[in-house]
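Next come the chains, spelled out residue by residue.
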Amino acid sequence: MSQVVVTGGGGFIGSHIVDRLCEQGHEVLVVDDFSTGDPDNLAETRAAYPGLTVLTADVADPATAVAVADFGPEAMLLLAAQFSVKVSLRDPLLDARVNVIGLVNMLEAARRGGCRKVVFASSGGTIYGHAAEEQTLLTETTPRVPESFYGLTKSAAIDYLRLYHELHGLDYAALALGNVYGPRQTPYGEAGVIAIFAQAMLDRRPCVINGDGLNTRDFVHVSDVADAFVRAIGLGHGLINVSSAREHSVLEIHDALRRQIGHAEPHRFGPPLPGEVRRVCLDNSRALEQLGWAPKVSLQDGIRTVISWLESRAVRTSAGGAGAAE
Ligand SMILES: NC(=O)c1ccc[n+]([C@@H]2O[C@H](COP(=O)([O-])OP(=O)(O)OC[C@H]3O[C@@H](n4cnc5c(N)ncnc54)[C@H](O)[C@@H]3O)[C@@H](O)[C@H]2O)c1
């Protein structure tokens, strides 16, 4: 048992990681401002595990760094982020404030608090940029040429981590995630095509496909991602892709959902989203070598978990729930 900080622990991916850490008996401090996260994601685990503390705070606030350092974490899992490509293009200052200043603030807290290992949520879908057009499988040695400020901050973070390791001996793993999907992903956001399409079909709304639907992504289930994060506390170093190493087009996803849900309004096509790359498929052999990790959940089984989660609980509705997705 050890002390672990999870920033963004109230979010979609972070809350699944928090569940596992609590089950394993760790003392967990969640740092989240709940700007996109949801306290409900942690409600059951909070009730069951007194070792879980939730600090509602901004990762970029110096006072948060003091609280995190005082907690004395052995490991820090950094998932708090401004995670919209669109927002990053519209407001690069906001993006950098959370994703760069917030990161450095937490790394300083890690250093001062005697933290041994940082595990960072990077983005395999955006850090490599258009390299995917020439290369079938993106490995961790692929040059990083992001096409959006979000991708840039997710790539710059990897260089910050490398330098903190060199200068201060802070060990790190930066997990370059594919397109993560699963229960607790909001179906009303900009990203998360599986949740967005599933909710639209369940509501009998037409799905809007941004672009021609032939864009491909590498979909990885949130339970596999949570497993990779927990493993990375004790294993692995540097940049590691966490992915299925398979690519599926948006039209294929639409079709797979339609077959499982059994009905769908005819889909519509909308304009392509700016800053989006055409293809993403991430080699995951380093994750197997370093973390002993391989994805376990098939796309069909994973889609089933999303549908049953959406069916089993009332998901918060919010503005922009038009069923649009890339
Ligand atoms: N979902 C994906 O497909 C995917 C893919 C690649 C990388 N990632 C990364 O994984 C991480 C988690 O993403 P997610 O999909 O769970 O999204 P999410 O929005 O559910 O989680 C992000 C969490 O960070 C919190 N947060 C945002 N700004 C904050 C701030 N200034 N201070 C404190 N907390 C703040 C939010 O409230 C939220 O709980 C992010 O870093 C994201 O960039 C996600």
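Bear in mind that the values here come from a model prediction, so they are computed numbers and not experimental data.

**Student:** Where do I start with the site of the ligand in this structure?
**Tutor:** Taken together, 28 residues form the shell around the ligand, and within it Phe12, Asp32, Thr36, Leu79 and Tyr150 come nearest. In this structure, an oxygen atom belonging to the ligand sits 3.4 Å away from a main-chain N or O atom of Phe34. Against a free-state accessible area of 820 Å², the protein chains account for coverage of 94% of the ligand. Looking at the shell around the ligand, the elements that each hand over two or more residues are α1 (12-23), β5 (117-123), α6 (149-168) and β7 (179-181). The greatest single-element share of the shell around the ligand, amounting to 3 residues, is contributed by β5. When grouped by side-chain class, the residues that make up the shell around the ligand number 14 nonpolar, 10 polar and 4 charged.

**Student:** Quick question: what am I supposed to make of the packing of helix α7 (residues 193-202) against helix α9 (residues 250-261) here?
**Tutor:** A packed helix pair is summarised by two numbers, namely the angle formed by the two axes and the spacing between the axes. Where α7 contacts α9, the axes come no closer than 10 Å and their chain directions differ by 40 degrees. On the basis of the axis angle, α7 is oblique to α9. In this structure, α7 crosses over α9, and the sense of that crossing is right-handed. Residue-level contacts link Val193, Ile194, Phe197, Ala198, Met201 and Leu202 of α7 to Val250, Ile253, His254, Leu257, Arg258 and Ile261 of α9. Looking at the contact of α7 with α9, its residues break down into 10 nonpolar, 1 polar and 1 charged.

**Student:** Hey, could you run me through the packing of α1 against helix α2 (residues 40-48) in this one?
**Tutor:** Between α1 and α2, the least distance of the axes is 9 Å, while the angle of their chain directions is 10 degrees. Taken together, the axis directions place α1 and α2 in an arrangement best described as roughly parallel. Residues Phe12, Ser15, Val18, Asp19 and Cys22 of α1 pack against Asn41, Leu42 and Thr45 of α2. Counted by class, the contact of α1 with α2 contains 4 nonpolar, 3 polar and 1 charged residues.

**Student:** Is there a simple way to explain α2 in this structure?
**Tutor:** Owing to its 3.6 residues per turn, the α-helix brings residues three or four apart onto one side. Where α2 is concerned, the buried positions are Asn41, Leu42 and Thr45. Along the axis of α2, the buried residues cluster in a sector spanning 65 degrees; they form a single face. More than 90 degrees from the buried face of α2, the exposed residues found are Glu44 and Ala47. The secondary structure elements touched by the buried residues of α2 are α1, β2 (27-32) and β3 (52-56).

**Student:** Explanation requested: the sheet that holds strand β11 (residues 238-242) in the structure shown.
**Tutor:** Strands belonging to one sheet form pairs held by backbone hydrogen bonds; the direction of such a pair is parallel or antiparallel. Pairing is parallel in the open sheet, where 7 strands are placed in the order β3-β2-β1-β4-β5-β6-β11. The outermost strands of the open sheet, each flanked by one partner alone, are β3 and β11. Geometrically, the sheet is characterised by an average inter-axis angle of 20 degrees between neighbouring strands, direction not taken into account. Looking at chain direction, β5 and strand β6 (residues 171-177) are connected through 7 bridges and run parallel. Counted as the bridge partner of Ala121 is Leu175 from β6. Packed on one face of the sheet, helix α8 (residues 222-232) meets β5, β6 and β11 and runs near 165 degrees to β6.

**Student:** Just checking my understanding: could you explain the environment of Ala121 for this structure?
**Tutor:** Note on placement: Ala121 falls in strand β5. Considering only alpha carbons, one finds Ala121 and Asp301, 180 residues apart in sequence, at a separation of 24 Å. Setting aside residues no more than four positions away along its own chain, Ala121 makes contact with Leu78, Leu79, Lys154, Leu175, Leu177 and Phe229.

**Student:** I would appreciate a short explanation of the domain arrangement of the protein in the present structure.
**Tutor:** Think of interface size as the accessible area that goes away when the parts come together; that is how it is often given. Segmenting the protein into domains produces domain 1 (3-179 + 220-242) and domain 2 (183-217 + 246-325). Spacing between the C-alpha centres of domain 1 and domain 2 amounts to 22 Å. At the interface, 50 residues of domain 1 touch 30 residues of domain 2. Here domain 1 and domain 2 share an interface that buries about 3400 Å² over both sides, 55% of which is from carbon and sulfur atoms. Among the salt bridges present, the one from Arg286 reaches Glu140, with a minimum N-O distance of 3.9 Å.

**Student:** Where do I start with the pairing of β2 in this structure?
**Tutor:** The two faces of the sheet receive side chains in turn, since in a regular strand these alternate between them. Of all 6 residues making up β2, 5 are buried, and the element is well covered by its neighbours. By the bridge criterion, 5 bridges tie strand β1 (residues 3-7) to β2 in an arrangement that is parallel. In the sheet register, Gln3 faces β2, and the bridge partner there is Glu27. Regarding topology, α1 serves as the crossover connection from β1 to the parallel β2, and that connection is right-handed. For β2 and β3, the ladder comprises 5 bridges, and the chain directions are parallel. Counted as the bridge partner of Val30 is Val54 from β3. Read from β2 through α2 to β3, the crossover connection turns out right-handed.

What counts and what doesn't
Residues numbered from 1 in each chain as written. Predicted model: local features only at pLDDT ≥ 70, side-chain atom pairs only at ≥ 80, totals over all residues. Heavy atoms only, no water. Near = heavy atom within 4 Å. Polar contact = N/O pair within 3.5 Å; in protein donor to acceptor, adjacent residues only side chain to side chain. Areas by Shrake-Rupley, 256 points an atom, 1.4 Å probe, with all protein chains shown as cover. Helix = DSSP H or I, 4+ residues; strand = E, 2+ residues; numbered from the N terminus. Nonpolar A, V, L, I, M, F, W, Y, C, P; charged D, E, K, R; others polar. Axes fitted to C-alpha atoms, helices over the stretch in contact; angles between N-to-C directions. Parallel < 35°, antiparallel > 145°, perpendicular 65-115°, else oblique. Left-handed = near helix turned anticlockwise from the far one by under 90°. Contact = heavy atoms within 4.5 Å. Buried < 20%, exposed > 50% of the residue type's maximum accessible area, 1.4 Å probe, protein only. Arc of directions from axis to C-beta. Pairing = 2+ DSSP bridges. Domains from an automatic or database assignment. Buried area = accessible area lost by both parts, 1.4 Å probe. Salt bridge = Lys/Arg side-chain N within 4 Å of Asp/Glu carboxyl O. Right-handed = clockwise from strand over helix to strand, strands pointing away.

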